[in-house]
Amino acid sequence: YLFLCFFWTIQVIKNVEHVTASGTVGTWYFHGDQARVGAVSGALRRAVTTSFGSVCLGSLFVAIIKTVRALVHMARQESEGGFLEQCCFTCVD
């Protein structure tokens, strides 16, 4: 459970940063020289209000995958190295 919370928090922070940067570039691209001074703050506001649900849901999907991969990696290190176990770990990973 803590792995999932850790990975989810990290992904939310990364994705808010990504959406903010994308929104800033989009504002610059579509408005050019007329881009308002608060393009970054506007993009951040949209990232943590309007788009925050999408950011959290996408981050949850990535966090679940990363949690499973981390647990498989830990199980692989603790296993004795049976062929069938290694095949299952490789398929999941």
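Remember, it's a predicted structure, so these values are computed and weren't measured experimentally.

Novice: Help me out: how do you make sense of the overall build of the protein chain in this one?
Specialist: For the protein chain, the helix and strand inventory stands at 4 helices and 0 strands. The N-to-C order of helical and strand elements in the protein chain reads α-α-α-α. At 19 Å, the protein chain has a C-alpha radius of gyration far larger than the 12 Å of a compact globule built from 93 residues. Projected onto its principal axes, the C-alpha coordinates of the protein chain cover approximately 65 × 25 × 15 Å. For the protein chain, buried positions account for 20% of its 93 residues. Within the protein chain, residue pairs in contact and separated by at least 24 positions form 57% of the contacts whose partners lie at least 6 positions apart.

Calculation notes
- Residues numbered from 1 in each chain as written.
- Predicted model: local features only at pLDDT ≥ 70, side-chain atom pairs only at ≥ 80, totals over all residues.
- Heavy atoms only, no water.
- Helix = DSSP H or I, 4+ residues; strand = E, 2+ residues; numbered from the N terminus.
- Rg over C-alpha atoms; globule rule 2.2 N^0.38 Å.
- Buried < 20%, exposed > 50% of the residue type's maximum accessible area, 1.4 Å probe, protein only.
- Contact = heavy atoms within 4.5 Å.

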